[in-house]
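Results of the structural survey
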Amino acid sequence: MRSPVDLWVYLSTSPLIWLTLTVCTWIAMSELSVRLKRNPLANPVLTSIIVLSAVMTVFHIPYEKFFAGAQFVHFLLGPATVAIAIPLYLQWDEVKRVLMPIAVALLVGSVAAVLSVVALGMLVGLPREMMLSFLPKSATAGVAMAISSSLGGNPSLTAVLVILTGIIGALIVTPMMNRMGIRDYAARGFAVGLTSHGIGTARAYDVHATAGLFAGIAMALNAIATSLIVPLAARLLIGI
Amino acid sequence: MLRGIAALLLFQLLGESLVFLTKLPVPGPVIGLVLLFVALHMGRRAGRAPFPQVETAASALLSNLGLLFVPAGVGIVSLWGVLEAQLPAIAVVLVVSAAVTLAVTVWTFIAARRFFDGKWGA
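Cut-offs and rules
- Residues numbered from 1 in each chain as written.
- Chains lettered and ligands numbered in written order.
- Predicted model: local features only at pLDDT ≥ 70, side-chain atom pairs only at ≥ 80, totals over all residues.
- Heavy atoms only, no water.
- Domains from an automatic or database assignment.
- Contact = heavy atoms within 4.5 Å.
- Buried area = accessible area lost by both parts, 1.4 Å probe.
- Salt bridge = Lys/Arg side-chain N within 4 Å of Asp/Glu carboxyl O.
- Polar contact = N/O pair within 3.5 Å; in protein donor to acceptor, adjacent residues only side chain to side chain.
- Helix = DSSP H or I, 4+ residues; strand = E, 2+ residues; numbered from the N terminus.
- 1 Å grid on protein atoms, 1.4 Å probe; cavity = no way out; pocket = protein on both sides within 12 Å on 5 of 7 lines; lining within 4 Å.
- Points joined across faces, edges and corners; volume = space filled by probe spheres on them.
- Nonpolar A, V, L, I, M, F, W, Y, C, P; charged D, E, K, R; others polar.

**Considering the domain arrangement of chain A**
All names here are of chain A. Assigned domains of chain A: these are domain 1 (1-75) and domain 2 (78-240). Taking the mean C-alpha position of each, domain 1 and domain 2 sit 27 Å from one another. Listed per partner, the contact involves ten residues of domain 1 and twelve residues of domain 2. Carbon and sulfur atoms supply 75% of the area that domain 1 and domain 2 bury against each other, a total of about 810 Å² over both sides. Along the contact surface separating domain 1 from domain 2 lie zero salt bridges. Between domain 1 and domain 2 we count one residue pair in polar contact (both at pLDDT 80 or more) in total. Ranked by the residues each element gives to the side of domain 1 that touches domain 2, the list is headed by helix 3 (residues 44-58), at three residues.

This is how it looks when you write it as structure tokens:
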């Protein structure tokens, strides 16, 4: 009979335990989020990352070892990005009705997301590599990470910045829009979907069905717009 | 379901291949998204819609989209040394940029809607 210590040594080197832990942590944190009435601070992406990071730190597990298991989940980001075509296709009649406002707001909003990072980043003196990782932060994570690594940024850092941008947008959108006196829920949804991708879209659906629909449209379109605008902005403004 | 997954993988593969060949500065999956969107519309024109298999696969992935961000996000542990010193700067950029983007987008959307509604008398 082998000892439990041997079992731990055996399991901690196999990908299985980290894949299982990632999926189970996600399920538990999603449940917690539902119990807390989807409070943006209990966002399951954020809480899952905190819990798993704590486990890695406490047990001195190198990230590479964890990722050997978690990569099976990570790989699905590509197909999930392609899958955004489906809701866009199903909602296309809705998009066509307000095509011009959507096109203009998409262009201006997407440029604002990138330019505000460049301006603020220069102001507070962010290092270059960090700035490159920051640029695509309003796009959905899979797309943002791909853009970041193609520019020489750090995809892991980009993933964290994308998630934080999602949570911040989801937290501030409702009080901010109420204070601005904006009652157009299509416009509010579009803004939060463009700024805060999937996390903002989930928040928009909690507030108003029309807001959720337009947030989903904005997320899909901004994935495309960001991947066109960011490489251009990086070349023109940061000079890569 | 399986056919739907195959379709998503196939379109990603098409997108990645196209990006590799043309050196487009756009991620392969985004090209895959655009190609699938075009294919779905062409299918509808040809009277072949709906596509329940692809819809099932897509909604399974998209309803748990958050899970897919987690592995990369845990990478923050190995980056902590780099991030710690920049923490206040990062916080300022994140919060202000999100607020600016929200405000600019919502105003532009409303202004553009008024402009085009007025123009076409809708």
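**Quick word on the interface of chain B and chain A**
The partner chain A presents 94 residues to the 68 residues of chain B that form the contact. Each partner contributes to the roughly 6,800 Å² buried at the junction of chain B and chain A, and carbon and sulfur atoms together form 84% of this total. Of all residues in chain B, the largest losses of buried area upon contact with chain A belong to Phe-69, Leu-102 and Phe-109 of chain B, amounting jointly to 11% of the total for that side. The interface formed by chain B and chain A holds one salt bridge in total. One salt bridge in this structure joins Asp-184 of chain A and Arg-113 of chain B, with 3.2 Å as the shortest N-O distance. For the pair chain B and chain A, the interface holds five residue pairs in polar contact (both at pLDDT 80 or more). Going through the elements one at a time, helix 1 (2-22), helix 2 (28-45), helix 3 (52-62), helix 4 (65-73), helix 5 (76-84) and helix 6 (87-120) of chain B are the ones with two or more residues in the side of chain B that touches chain A.

**Digging into the layout of surface pockets**
Rolled over the atoms, a probe as big as a water molecule pinpoints where empty space is left. The volume enclosed by the largest pocket comes to roughly 950 Å³. Around the largest pocket, the lining comprises 34 residues; the ones closest to its centre are Gly-198, Thr-201 and Ala-202 of chain A together with Leu-62 and Ser-63 of chain B. Only helix 2 (15-35), helix 3, helix 6 (85-90), helix 12 (185-207) and helix 13 (209-238) of chain A together with helix 3 and helix 4 of chain B provide two or more residues apiece to the lining of the largest pocket. A total of seven residues in the lining of the largest pocket trace back to one element, the largest contributor, which is helix 12 of chain A. Grouping the constituent residues of the lining of the largest pocket by class yields 18 nonpolar, twelve polar and four charged. In this structure, the second largest pocket encloses a volume near 410 Å³. Along the wall of the second largest pocket there are 16 residues; nearest its centre are Val-160 and Leu-164 of chain A together with Ile-76, Trp-80 and Leu-83 of chain B. Listed by contribution, the elements that provide at least two residues to the lining of the second largest pocket are helix 3 and helix 11 (155-179) of chain A together with helix 5 and helix 6 of chain B.

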